[in-house]
Amino acid sequence: MYEDFNRNIHILLYRTLIDCPVIFIKLCMFWSSLLILVFIHIGLVNLYLRRPWKYFLHTLLNLLGLYILVQGIYFADRLRVEPVEGYARAAAIVFQRMNAVVLVLVLLLESLSLVFYYTELWNYVAKHPTVRSIKEGLDYLPTGLLYYWEDGALMFANLEMDLLAQKMLGRSIYAVGNGMTLEKSIREGKLSEGCQFMDRGPQLTVKLADQKVWQFHMREFLIGKWTVHEVLAYDITEENRLHEEVYIQYGELRKIAGRLRHYSENMRELTHEEEVLQAKIQVHDEIGRVMLATKRYLAGAQDAPTREELLPLWQRMIVLHHTAQDPGKEENAVRSLLEVSELLGIRTEISGKITSLTPVEREIFMMGARETLSNACRHAGAQHMWISIMKEDGGTTIKYQNDGKVPKGEIIEGGGLSGLRKQTEHAGGHMAIATGNFFILTIFLPERGKTDAGKYGSTEKYGTVGGTAISGPDC
Amino acid sequence: MPRQLFEAMIAGSGRYELVKSIRSADMADLVCGYCKVDLILMDVLTELGASGLSAAGRIKRRFPAIRIIIVTSMPEVSWIQRARDLGVDSFWYKEVNEEPILSIMDRTMRGEHVYPDEAPVVKLGDALSSDFTDREIEILRELITGDTNQEIADRLHLSLFTVKDYIKKLLLKTGLHSRTELAVKISQAGIVINDRQLIEPD
């Protein structure tokens, strides 16, 4: 039995193709063909993945080998039943002598190598994204992406950009077919109903019908020698909402700041008025005490004050009575000026309301009044002075005019006038002096927030005018 | 004490003669140029928003021989030093000072400089006005202008962060809840008063 087994193994090991049964030959051919197909698949996958040529070459070599093997087996099998000529005969003769076991081993080896190739391919695909996987990833980004060539031809648009195009233009970006059309439509406002272009600086911002806000960033760059245009779309709905909230709150804060500024500017006056009010309350109480003391005196009460003690109290009360009378803010303001001009021997007339001036305007006004009164008294020998305050569109004009001697030649501004000019210009205003029949100093102060646009000419400080009096007789 | 009471007091003093009593400090130097004046009682906050300190400065420059006493009831912390810097001779708090004004006038005419040690202490929230540092007072003065923190930082040559930090510390110190509340309370207390609208003269 052992000898039989040995003999069978021996026969098997040394059996050539020509001795193999037909079924065996057919099976080997089928197997080889199958391997060819699988290697073709691997080759195509490598080509698709754009892998280095060596991988494709390996596959090609295997394919070639298997092809020759299949051809050889085929011709060896044909030679058994019919004669063949040419290279087919040569191939047949070679393969007829091929050991069957060796053939099976070769086919097994090729099959095992497939496992290796597929494992290697699987690892490669796992580590390297394919074009398709990149496309899939980009499609599901929350950002819109669009790339197009110099002439507008589309290169790539992801799903989000396509949806945006449908919402803004009413059709797919692929139906539009041109990348420049999208930008142009946004800029020109040619959008679907409900969509609105928002002016938010250099970036294009669009509010869609569903109230979502998208911002488009455009740029171009070079790939090799070709210019590619890129459009990125970002959903800034939340940022826009916060921006609008901040804008409203900022507006409220500016209002509060304005009220605070106004409160602060008027604080001096308010404090002064509060002092006066406190004094009046004190005066009122004192008047009450004097009246009570007088009543006790008249009633002949025991602890009543004497006549000599009462007299100074009554004198004081008469003074206090004048304090209690308040002619009003405007009259107080006018009297502040008139009491001094009367002392200087100048009759002053004021038109316009001093109380209509803002605190800054009032300070400049008083500075001007001080300077012109002083000059009118010391240098010009004036007897009349006219001051006018005119509120106009955009600001306030204050004019000081006197009937004193008009200086001849160029006016050299001393410390007072130059200080006045400095303060006026610092407040955004303009000062001009005109000499003719009268000396006229004019100050223009713009409203807060507006600057003077050279109302009287920025370089001309002085001019000669007819010198029409603001009010009062012709001199 | 209203101006008329001062007039009555001077008239009754027997040793002083009233030259002129005017409502606005802005006109004071004009009067000094026209009349012979030895002593001025100058309020800080006068009619038409005129600052008595600015007027005192102008008068001291033109008429250094004229003696000036600043009289006020406001506890503004910087006025005492400003008055000293301008060369004002004496300083008198109307409500707080126990020494009568006539005595201050007599001492000033004798060449003395009568100044209080400090401004009256006023409560602001949980803090006293004496608790604030010089820089904090500066910040408070800027707060009442209504400007933004950035504008304040630019004006004081500080960083925005520093200004915000100061405001936070002031709110903690006073126990107040917001910078607006702080600004309003400061203005009402009179600890800082914005009496300078215009730029300082050279």
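Scroll up to find the structure this text is about.
Residues numbered from 1 in each chain as written. Chains lettered and ligands numbered in written order. Predicted model: local features only at pLDDT ≥ 70, side-chain atom pairs only at ≥ 80, totals over all residues. Heavy atoms only, no water.

### Observations concerning the sheet that holds strand 3 (residues 196-199) of chain A
Residues and elements named next belong to chain A. Operational definition: Two strands qualify as a pair provided DSSP detects at least 2 bridges between them. Only DSSP runs of H or I with at least four residues qualify as helices, and only runs of E with at least two residues qualify as strands; both kinds are numbered from the N terminus onward. Inter-axis angles, ranging from 0 to 180 degrees, are taken between N-to-C directions of lines fitted to C-alpha atoms, where helices are fitted over the stretch in contact. Whether two residues are in contact is decided by their heavy atoms: any pair within 4.5 Å suffices.
Within the open sheet, the 6 strands sit side by side as 2-1-6-5-4-3. Their pairing is antiparallel. On the outer flanks of this sheet lie strand 2 (154-157) and strand 3, each paired with one strand and no other. When strand polarity is set aside, the average angle formed by the axes of neighbouring strands in this sheet is 25°. Relative to strand 2, strand 1 (residues 144-149) runs antiparallel, the two sharing 3 bridges. Across the sheet, Leu-146 pairs through a bridge with Ala-157, a residue of strand 2. Running over the sheet, helix 7 (residues 159-169) touches strand 1, strand 2, strand 4 (204-207), strand 5 (213-223) and strand 6 (226-235) and is turned about 125° from strand 5.

### A closer look at the nonpolar core
The following threshold applies: Among the buried residues, those of types Ala, Val, Leu, Ile, Met, Phe, Trp, Tyr and Cys that are joined through side-chain atoms within 4.5 Å form a nonpolar core. Think of it in three bands: residues with accessible area under 20% of the maximum for their type are buried, residues over 50% are exposed, and the middle band is partly exposed, with areas taken using a 1.4 Å probe on protein chains only.
With 62 residues, the main nonpolar core has A:Phe365, A:Tyr400, A:Leu441, B:Met27, B:Met42, B:Ile59 and B:Ile70 as its most contacted residues. Among the elements that take part in this core, helix 14 (residues 359-380) of chain A stands out by supplying 7 residues, more than any other. With near-sequence residues (within four places) excluded, A:Tyr400 lies in contact with A:Ile364, A:Phe365, A:Gly368, A:Ala369, A:Thr372, A:Met385, A:Trp386, A:Ile387, A:Phe439, A:Ile440, A:Leu441 and A:Ile443. Counting residues in hydrophobic clusters, the runner-up holds 24 residues, among them A:Leu260, B:Val122, B:Ile137 and B:Ala153.

### With respect to the pattern of salt bridges
When the charged atoms of two side chains with opposite charge come close together, those side chains can pair. Our working definition: The rule for a salt bridge is simple: a side-chain nitrogen of Lys or Arg has to be within 4 Å of a carboxyl oxygen of Asp or Glu.
Across all of its chains, the model carries 31 salt bridges over all chains by this definition. Two residues, A:Glu120 and A:Arg51, come together in a salt bridge whose shortest N-O distance is 2.5 Å. Of this pair, A:Glu120 sits in helix 5 (residues 100-127) while A:Arg51 sits in the loop between helix 2 (22-48) and helix 3 (53-81); the two residues are 69 residues apart in sequence, bridging distant segments of the chain. Note on A:Glu120: relative accessible area 22%, which makes it partly exposed. Put simply, B:Asp26 and B:Arg58 hold a salt bridge, and the shortest N to O gap is 3.5 Å. Highlighted residues: B:Asp26 in the loop between helix 1 (3-13) and helix 2 (28-34) and B:Arg58 in helix 3 (residues 52-62), separated in sequence by 32 residues. Comparing B:Asp26 with B:Arg58 shows no difference in burial state: the two are buried.

### So, the pairing of strand 9 (residues 395-402) of chain A
Within a regular strand, side chains alternate between the sheet's two faces. Residue and element names in this part refer to chain A. With respect to burial, strand 9 is a largely interior element, 7 of its 8 residues being buried. Of the pairings in the sheet, the one linking strand 8 (residues 384-392) to strand 9 comprises 8 bridges and is antiparallel in character. The partner of Glu-392 across the bridge, within strand 9, is Gly-395. The hairpin formed by strand 8 and strand 9 contains 2 residues between the paired strands, and Gly-394 there has a positive phi angle of roughly 95°.

### Structural notes on helix 5 (residues 101-109) of chain B
By the burial criterion, the buried members of helix 5 of chain B are B:Ile101, B:Leu102, B:Ile104, B:Met105, B:Asp106 and B:Thr108. In the segment just after helix 5 of chain B, B:Gly111 is the residue with positive phi, at about 105°.

### Digging into the environment of B:Ala127
All names here are of chain B. Topologically, Ala-127 is positioned in strand 5 (residues 127-128). Separated by 43 residues in sequence, Ala-127 and Leu-170 place their C-alpha atoms 9.2 Å apart. Setting aside anything within four residues of it in sequence, one finds Ala-127 in contact with Val-122, Phe-132, Lys-173 and Thr-174.

### Some points on the interface of chain B and chain A
Spelled out, the test is: A 1.4 Å probe defines the accessible area here, and the buried area is the portion of it lost by two parts on being joined, summed over both. We call two N or O atoms a polar contact when they sit within 3.5 Å, provided that within protein one can donate a hydrogen and the other can accept it, with sequence-adjacent residues counted only if both atoms are side-chain atoms. Throughout this entry, Asp, Glu, Lys and Arg are counted as charged residues, while Ala, Val, Leu, Ile, Met, Phe, Trp, Tyr, Cys and Pro are counted as nonpolar. The remaining residues, Gly among them, count as polar.
Facing the 46 residues of chain B at the interface are 45 residues of chain A. In total, about 4,300 Å² of surface goes out of reach between chain B and chain A, with carbon and sulfur atoms giving 61% of it. For the interface between chain B and chain A, the tally reads 3 salt bridges. A:Arg370 is the partner of B:Asp26 in a salt bridge, and the nearest nitrogen-oxygen pair spans 3.2 Å. At the junction of chain B with chain A, the criterion picks out 2 residue pairs in polar contact (both at pLDDT 80 or more). The set of elements that each furnish at least two residues to the side of chain B that touches chain A consists of helix 1, helix 2, helix 3 and helix 9 (179-189) of chain B. Looking at the side of chain B that touches chain A, the element that brings in the most residues is helix 9 of chain B, giving 5 residues. Looking at side-chain class alone, the side of chain B that touches chain A contains 19 nonpolar, 14 polar and 13 charged residues.

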